[in-house]
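# Examination of the molecular architecture
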Amino acid sequence: MGGTEILHGVDLTLDKGEVLAVLGPSGSGKTTLLRCLNFLEKADSGQVIMLGRTINMPSAGRREIAEYRRHTAFVFQNFNLFANKTALENVTEGLIVARGLAKPEAEQIGMKALGKVGLADKADSYPSRLSGGQQQRVAIARAIAAGPDVIMLDEPTSALDPELIGEVLHVIKQLADDGMTMIIVTHEIGFARSVADRILFMDGGNVVVQTGTKDFFEKNDNKRVREFLGSLSERIGLNEHDTQNQKNDSASHSNSASHGKRGRVRKKGGRK
Ligand SMILES: Nc1ncnc2c1ncn2[C@@H]1O[C@H](COP(=O)(O)OP(=O)(O)OP(=O)(O)O)[C@@H](O)[C@H]1O
Ligand SMILES: [Mg+2]
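Residues numbered from 1 in each chain as written. Chains lettered and ligands numbered in written order. Predicted model: local features only at pLDDT ≥ 70, side-chain atom pairs only at ≥ 80, totals over all residues.

Further remarks concern the overall build of the protein. Each helix and strand counted, the protein has 10 helices and 8 strands in total. Burial status across the protein gives 41% buried among its 272 residues. In the protein, of all internal contacts separated by at least 6 residues, the share reaching a separation of at least 24 is 65%. (Helix = DSSP H or I, 4+ residues; strand = E, 2+ residues; numbered from the N terminus. Buried ≥ 20, exposed ≤ 12 C-beta atoms within 10 Å, placed from the backbone. Contact = placed C-beta atoms within 7 Å.)

Written out as structure tokens, the structure reads:
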């Protein structure tokens, strides 16, 4: 990209039903990794093997990418909803336009997906009438409706006000419990710990550690990982307000993944 090498030989495997959390400091390449995996960014080299089909990333053609994308869904940090479409229309748009489904069929699938994220009653609402948490849940419903084999989420809660984070994490946790295969880039360390099967830790465009969640948090014999986790717990410890919000979240989402040991973390740097 622009002559600068951002990712240096990243290798990852994802089994069906597995949840992989991608962690790492700001600028470490997490978003770039997801964007490459979804062909939103063109990798200079490498391949992706999905359901036994190999795609050469730099030379992938439009049709190949479109076919690949039938199996994947992407959830963006800033929801990316159409402002002039209702929640249901946002969810059904891709089904009707890209998949060629008839409107009634698309709406049936769309309503089911909205039901899954607890927003069936908001089907006719426009995004401007929805909270950030609700908008992100619509975006997740859109991802579910596409019937993907894997959902990739890039910091799905980082644009949200603290009190809205829990509801979105709760929905993602439910998806994980339903067996959805997911790659989640997140700064919600406690959430990653509770939902992920494996952790991929990146730094400076490299995968520093890729291991089971339990080992990552309990063994973590890597210096970089220790520093990263240390800096996070320091920030959590120092911020009374955040701690209070976590308590509130836990109270209002008793089934939520955000329960208990969740540590919400604000990033140091600004958005790029
Ligand atoms: N389009 C681009 N062109 C050139 N450099 C880029 C581009 N996008 C990102 N970068 C650089 O690539 C590196 C990795 O960025 P990336 O956005 O993937 O990091 P990140 O881990 O997602 O960070 P954050 O936690 O802040 O979201 C950074 O140094 C960034 O400045
Ligand atoms: Mg990012």
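Moving on to the pairing of strand β4 (residues 72–75). Side-chain alternation along β4 places Thr 72 and Phe 74 on one buried face and Ala 73 and Val 75 on a second face that is also buried. Judged from the 4 bridges that link them, β4 and strand β5 (residues 150–154) form a sheet pairing that is parallel. From the neighbouring strand, Ala 73 faces β5, where its bridge partner is Ile 151. (Pairing = 2+ DSSP bridges.)

With that settled, consider the nonpolar core. Core analysis: the largest hydrophobic core is formed by 66 residues, its most contacted members being Val 22, Ala 141 and Met 182. Those residues within four positions of Val 22 in sequence are excluded, and the remaining contacts are Lys 30, Leu 33, Ile 183, Ile 184, Val 185, Leu 200 and Met 202. (Core = buried A, V, L, I, M, F, W, Y, C linked by C-beta atoms within 7 Å.)

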